[in-house]
Amino acid sequence: MQNPADHKYSAIDLSVDLPGLKMKNPILTASGTFGFGEDYAKLYDLSILGSMTTKAVSIEPRRGNPMPRIAETPAGMLNAIGLQNPGFEAAQHKINALRAYDLPILVNVAGHSFEEYIEVTKALSDLESVDALEINISCPNVREGGITFGTSAQMVEELTAKIKKVSKKPIYMKLSPNVTDIVELAKAAEAGGADGLSLINTLLGMRLNLQTGKPILANGTGGLSGPAIKPVAIRMIYQVAKAVSLPIIGMGGASTVEDVLEFLYAGASCVAIGTANFTNPMVCPEIIQKLPEALAKHGFQSAREAIRFSHR
Amino acid sequence: MKEQVCQILRNEKIAEDVFLLDLQVKDYEAAEVLGKFVEIKLPDGAYVLRRPISIHDFNEKTQVLTLIYKILGAGTDFLAKQMAGTKIAVLGPLGHGFPLPTAGKKHCLLIGGGVGVPPLYALGKALVAQGHQVTTILGFRDAASVFKAEAFAELGAVHLATEDGSVGIKGFVTSFLNEELKAADVYYSCGPIPMLKALEANLPDMEGWLSFEARMACGLGACYGCVVETQTGLQRVCADGPVFAAGEVVYGGI
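This is a predicted model, so every value here is computed, not measured.

Secondary structure summary: chain A contains 10 helices and 14 strands in total. Taken against the 2.2 N^0.38 rule, which gives 20 Å for 312 residues, the C-alpha radius of gyration of chain A at 18 Å falls within 12% of a compact globule. Dimensions of chain A along its principal axes, counting C-alpha atoms only, are 55 × 50 × 40 Å. Burial status across chain A gives 63% buried among its 312 residues. Put simply, chain A shows about 11800 Å² of open surface, and 54% of that area lies on carbon and sulfur atoms. One way to put it: in chain A the 29 positive side-chain charges average out to a point 3 Å from where the 30 negative ones average out.

Take a look at the structure:
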């Protein structure tokens, strides 16, 4: 990874600081695309990353949706995994195992009900290995929980407040783009006491089988991710950053170092890479390696300087 | 598992909609490819997902990896148009493949249906090298779909069936399961689900290893996009499979 040219940009400071997440660089992985890290750890040292977001964790194990769960789309893909996860008991061991690496861990929280969100938050925030929690109120692939909680400003504010009350670690509310006005929901999360925001989650989409006419995904609809959604993500982060001063974990189709700059400019303090890991499993180390030169070329001495650049 | 940029050495049509792809890889070991697959990145930014293709053959000395794939959609159609000399990213070898017998000299059946046939060949060669007896049963739709029957003939007896009877007997692979073959020690299979189910039903007491497929996203176990129900819960076709023991998978379970 290291080559002599890197020395030229070694003065560029990549570090960023968010509540609970003291990151050596602004690159992290998006929930659902990286499991609990054990698979990609076979390809590279996870300590290279600024941070990592785990798969959603619910109290009980969840099976997720029937198959097929995946379909490709133009410049993207649909997923309808349905929050399959081993449940808190098993997940905590996987999370604890991440202490082997030098990076803060962001754990994603899923729930069917207010009570479950609170229960999972309490259990996870007690773990020393958890640095911050990303509250998933925007998954479009489950009938109960997920997006149901993320579409009403009142519910977002109430849930945020209740979770904040019991969490020993900073909380980031992960917002859905499948709403009329994401700014309203961002303000509600801020009013509820969130330490930060995470956006955007996937867009609701569908593909049909040309032989049968039926949806390809067993679930019918799925969440659209990948480069296709980047303009929507940039627009929403830009609008939210204008209205709210909370730090933002930005994501939605980022796959190149230039994309990362765009997300930082729009208002993200760090950028999560998701679907791009499937296209190129080495995308995160590659982006991190290219970041110092990209920042320097655009006149920045640090990643921090690029955050919210569009709003200055 | 490793990610490499590999040169295409050959990409040729060998049957109706079926292509053979030779790739120049590095540091692959012969023992680690049997029944495994690779994730191919199509050389065009338009495709977000890689294509999982099983390994057909491998020459450890020349490091030439041979894949056989069928044109099933836009991605494989695009792959079929790539010329020798083009470089593509390849992630592999992936998954848990076919296990070789641990002791003795066994009579092994290789049973393949259509595009399920390719991964059985490297396995067959390894079994013969270990001194086992190999009998191959292949089923295809019609004469135009048949490929590599001669290659398997070099390993041992080959029985061929086509659905329309244009080559070999008219019927399915199960037509060949007479008393002699039912006395074999182990079977390895890859092909359509109805075929795998029929084999489990016809060979209930024989040790068997079945290779499955599923739509995949990450290909390496992280996303849970490719699960299958088994006797021990949901497992990932890409990382826990693609090979599972006969009787382990619960068909239609998820």
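Still more ground to cover, so stick around.
All right, on to the environment of Gly-35 of chain B then. Residues and elements named next belong to chain B. Note that Gly-35 resides in the loop between strand S2 (18-24) and strand S3 (37-40). Sequence separation between Gly-35 and Trp-209 is 174 residues, and the spatial gap between their C-alpha atoms is 10.0 Å. Ignoring any residue separated from it by four or fewer positions in sequence, one finds Gly-35 in contact with His-96, Gly-97, Phe-98, Pro-119, Pro-242 and Val-243.

Attention shifts here to the confidence of the model for chain B. Residue-level pLDDT values for chain B average 97, and 100% of them are 70 or greater. Confidence estimates for the predicted assembly give a pTM of 0.96 and an ipTM of 0.95.

Of the residues lining the interface, 31 residues belong to chain A; the matching set on chain B comes to 29 residues. Taken together, the two surfaces of chain A and chain B that pack against each other cover about 2500 Å², and 61% of this comes from carbon and sulfur. Contact with chain B buries surface across chain A, with Arg-63, Met-67 and Glu-72 of chain A losing the most and accounting together for 25% of the total. Applying the counting criterion to the chain A and chain B interface returns 3 salt bridges. Linking chain A with chain B are 9 residue pairs in polar contact (both at pLDDT 80 or more).

All names here are of chain A. Within helix H7 (residues 257-266), 8 of the 10 residues are buried, which leaves the element mostly enclosed by the surrounding structure. Considered for burial, the residues of H7 that qualify are Val-257, Asp-259, Val-260, Leu-261, Phe-263, Leu-264, Tyr-265 and Ala-266. Tucked inside the fold, the buried residues of H7 contact strand S3 (27-29), helix H6 (230-243), strand S13 (248-251), strand S14 (270-273), helix H9 (283-297) and helix H10 (303-306). Following H7 by one or two positions, Gly-267 adopts a phi angle in the positive range, close to 140 degrees.

Residue and element names in this part refer to chain B. With the rule as written, the count across this model stands at 12 aromatic pairs over all chains. Seen in terms of ring centroids, Phe-19 and Tyr-69 are 5.8 Å apart; in terms of plane orientation they differ by 20 degrees. Their pairing is stacked. Of the two residues, Phe-19 is situated in strand S2 and Tyr-69 in strand S5 (residues 64-70); the sequence distance between them amounts to 50 residues. Tyr-69 matches Phe-19 in its accessibility class, with the two residues each being buried. On the basis of an interplanar angle of 50 degrees and a centroid distance of 6.1 Å, the ring pair of Tyr-28 and Phe-58 is categorised as tilted. Highlighted residues: Tyr-28 in the loop between S2 and S3 and Phe-58 in strand S4 (residues 51-59), separated in sequence by 30 residues. Given a relative accessible area of 9%, Phe-58 falls into the buried group. When the ring centre of Tyr-28 is taken as reference, the NZ or CZ atom of Lys-2 above it lies at 5.0 Å.

Cut-offs applied
Residues numbered from 1 in each chain as written. Chains lettered and ligands numbered in written order. Predicted model: local features only at pLDDT ≥ 70, side-chain atom pairs only at ≥ 80, totals over all residues. Heavy atoms only, no water. Helix = DSSP H or I, 4+ residues; strand = E, 2+ residues; numbered from the N terminus. Rg over C-alpha atoms; globule rule 2.2 N^0.38 Å. Buried < 20%, exposed > 50% of the residue type's maximum accessible area, 1.4 Å probe, protein only. Areas by Shrake-Rupley, 256 points an atom, 1.4 Å probe, with all protein chains shown as cover. Lys, Arg positive; Asp, Glu negative; His and termini not counted. Charge placed at Lys NZ, Arg CZ, Asp CG, Glu CD. Contact = heavy atoms within 4.5 Å. pLDDT = per-residue confidence, 0-100. Buried area = accessible area lost by both parts, 1.4 Å probe. Salt bridge = Lys/Arg side-chain N within 4 Å of Asp/Glu carboxyl O. Polar contact = N/O pair within 3.5 Å; in protein donor to acceptor, adjacent residues only side chain to side chain. Phe/Tyr/Trp six-rings, centres within 6.5 Å; stacked < 30°, edge-to-face > 60°. Lys NZ or Arg CZ within 6 Å of the ring centre and 35° of its normal.

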